[in-house]
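Chain residues, written in single-letter form:
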Amino acid sequence: MTLFQARPRRSRKLRTRFRVASLVLLAPLVAVAGVSAVALGLTRSSAQSLDNAEQQDQHIEAAYRHVDDVRVLGAALLATGADDERAGLLAAEAAVDRELRIIVALPPLTAAQQALVARAESDWQSSAPLRQQVAAWAPKQPLDLVASVEDAFTSALKGVTGRIDTLRADNGIAVAALRDASAGLQTTSLVAVGIALLVGIVAALAVSARLSRTILRPVERLHAATDRLANGEHTEVLATDRDDELAGLARAFNSMADRLVERQRAVDLRERRLAALVENASDGILVVSAEGTVVFATPSLRHEFGIDDKQSESLAERVHPDDLENVIRAWGRVGAEPGASSQAEARLLHADGSWRHVWAKLTNRLADPAVAGVVFNITDVSERHEYEQQLTWQALHDPLTGLANRELLRRRLEHPPATGTSPKHSLLYLDFDDFKRVNDRLGHASGDSFLKEVGARIAQAVRPQDLVVRIGGDEFAVLLEATAARQAARAAQRVVTALQAALTLDDHEVRPSASLGIATVGVESTTLETLIGDADLAMYFAKRRGKGTVHAFEASMRTDLVEQVQLGEDLRVALESGALTVAYQPVVRLADGTVAGVEALARWEHPVRGAVPPLTFIPLAEQLGLIGRLDEWVLRQACGQARAWTDAGLPPIRVAVNISGRDLANADLPDVVRGILAETGLEADWLELELTESVAIAESDDGRGVMQRLKDLGVHLSIDDFGTGYSALGRLRSLPFDRLKVDKAFVDELRDTPGGSTLVETILEMAQALGMEVVAEGVETPVQAAFLRERSCELAQGFYFSRPVEPGAIEAMLRLGTGTATASARP
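Residues numbered from 1 in each chain as written. Predicted model: local features only at pLDDT ≥ 70, side-chain atom pairs only at ≥ 80, totals over all residues. Heavy atoms only, no water.

Trainee: Quick question: what am I supposed to make of helix α9 (residues 382–396) here?
Mentor: Since the α-helix packs 3.6 residues into each turn, any two residues three or four apart lie on the same face. For α9, with 15 residues, the first-to-last C-alpha span of 21 Å sits near the 21 Å given by 1.5 Å per residue. Within α9 the residues assigned to the buried category are S382, H385 and L396. Around the axis of α9, the buried residues are gathered within 65° of arc, so they sit on the same side. Buried-residue contacts for α9 involve β3 (341–349), β4 (355–365), β5 (373–380) and α10 (406–414). (Helix = DSSP H or I, 4+ residues; strand = E, 2+ residues; numbered from the N terminus. Expected span 1.5 Å × (residues − 1). Buried < 20%, exposed > 50% of the residue type's maximum accessible area, 1.4 Å probe, protein only. Arc of directions from axis to C-beta. Contact = heavy atoms within 4.5 Å.)

Below you can see the structure in the form of structure tokens.
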């Protein structure tokens, strides 16, 4: 039977047919290339014109901006006479000259644009005498002269900016027109290329249809014959009387079919011999003789594990010594019973010298003459082992720091150490001070870097056998097994010392500080909850003593904690019942001793404990989430009192109220302040809100937005405890503060050094440069007051003038016109 019917008129070679088809397809491609070349040339020309126009637009915009800079800087120079403003003015003038020269030098302008440029240059040159007069301006000129020169200077420059602005609008219209033209040209080019491509596709389809009739049909017949050959039908042959390449392919197919028939007989014989081995195969197969030598191995095993079945090597030499006993037991379970099976898991020596975990099924085929051995079906399970180890590690370690986690700590506590000189365990519990500030200032990525670095430092500061644990967040623990309290205290000190060195995060220097608690319990009675609870409680008391301190657990702490909880409940009740009071400390003008304002301070007289210091109940209110209510209560009392003094005929004074960092996180704070001012009738100008320096500088964008909204109300803002944080001058300039209060710690330096303190002087000079008022806190001696007065410090407060007093005492001061309450109020 023939599958190809030869026709003399189709005896032409296939190669010739394809050459003709290629020539037919080449013509559309040449057309596409020509159209694309023309479109490219036109597009390039249009793009160059557009680029020139856009450059003109950029330089015109720059000239306009620099002229405006000259106007702003000139006005600032007339007002201040500062050298920095003068230098900026000269630089801006040079920039205007440069930009005008560039505009003229650019590709030709239109006649209208040239006229505008000429007028702008003329106006600019006409303003030169005024600009020279302003550049040479001396400070502290009469205000009427300053105003006159400033009006003339501004009017002269408005003409220049008007010319340039008209030129900018005209050039913008030209740029838009060029852009539209460029877009239209691109669209036309794309349509032309598309038409050329469409013609090429139609030609290609016609040629391919022609070729398919003479090529694909014979190929389909060849494919069908190949399928029959694969299914064992070897009787049909293809016709070879056709004079082209397909006839040669048919002859080759016939020859291949004859050879396949011969080889099939050999394959059938081999398949019968290997069938008994392949039926139990999984990944690899070994056949091991009764003597334990390898007599057969699949190619994968020979390649990966280097097992040479031709040299009859011993399988025992390939098994890891620690796993050999396990394999021998599996071999013994197979025994001499034909068909018996067993399984084992062991490490097998890889060809690269490593050990791989494998699982093997052993089947006794010793009685089968085709096998004559024990068949090992082997599967490589190394990846599964690695994955299980990885899961185990992840379950017992912190993913960020790589340190142990709480679960691993629990397991270690369940298995006391085999050796050790002490029958006790100790645990160090750390919590980093102000870690939230690191996250808020530098971001969570820097916070993660901080945690990894301090975790590594803790690990380096303790013994290798000690377990360093990240409990969560910024809390860490160190388990010191078989370690008594004294040795634990020494270890805690090493940790504190290791953490003191500064580290750099995102170009910012940070000094870690951690509060650390120590707990020690007997090994027999050790539980995770007891140990962590005691150490955590000790750490809490360490934080109460100050940052970076260490405290060992004592049983009395539990009682103290209960008392602290009770004190918190008492504070909540006192706040709800109005049992708190407000005292007022005057802010005095150093020049004449009169009262310029007061600071409102919350006071708590406990019915049992007596007076509770603010340093005790203010942090407690922070912990209990009561600080917002407390600040609002003090604010309402202070505003009402200030209004009452005014209604009593006293001169109005500004009242300052402290607010916490948590208040700034409340977006409703400006509305609360507005409501209290409306409720009490106090004008916003007589209210001042104080924030500590560290809170003010570290606040987020949302917090700064709240400060700006408060400022927009007309309320004054001041920075309290200035000098204790990490302010930068540029940062202070960007915040809406009117006043800063120098921390008492710097004023204390003046007690015994009447010659002066460079730091206080620096703060005063910086405040003057920023245009901010300064209040010196904690003035207690006449030496301090005199020093501050001589350095032009306007305001001060402290025990030298008056302690915080009741509203009546402030009223007496206002009537007397002094900042001193009574003689008894002096320290």
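Trainee: What is the right way to read the pattern of salt bridges from this model?
Mentor: Any two side chains of opposite charge can pair, given that their charged atoms come close. In total, this model carries 33 salt bridges according to the counting rule given. Between D322 and R347 there is a salt bridge; the shortest N-O distance is 4.0 Å. Note that D322 is positioned in helix α8 (residues 321–334) and R347 in strand β3, a separation of 25 residues in sequence. Given a relative accessible area of 60%, D322 falls into the exposed group. Between R410 and E407 there is a salt bridge; the shortest N-O distance is 2.2 Å. Of the two residues, R410 and E407 both sit in helix α10, three residues apart, roughly one turn of that helix. (Salt bridge = Lys/Arg side-chain N within 4 Å of Asp/Glu carboxyl O.)

Trainee: Explanation requested: the sheet that holds β4 in the structure shown.
Mentor: The strands that make up a sheet are held in pairs by hydrogen bonds between backbone atoms, and each pair lies either parallel or antiparallel. Pairing in this open sheet of five strands is antiparallel, and the strands run β2-β1-β5-β4-β3 from one edge to the other. Two strands bound the open sheet, and with one partner strand each, they are β2 (294–297) and β3. Across the sheet, the axes of successive neighbouring strands diverge by a mean angle of 25°, strand direction being ignored. As defined by bridge partners, strand β1 (residues 284–288) adjoins β5 across five bridges and the pair is classed as antiparallel. Bridge assignment links I285 to a residue of β5, and that residue is N377. Seen against the sheet, α8 touches β1, β3, β4 and β5 and runs at an angle of roughly 160° to β3. Seen against the sheet, α9 touches β3, β4 and β5 and runs at an angle of roughly 130° to β4. (Pairing = 2+ DSSP bridges. Axes fitted to C-alpha atoms, helices over the stretch in contact; angles between N-to-C directions.)

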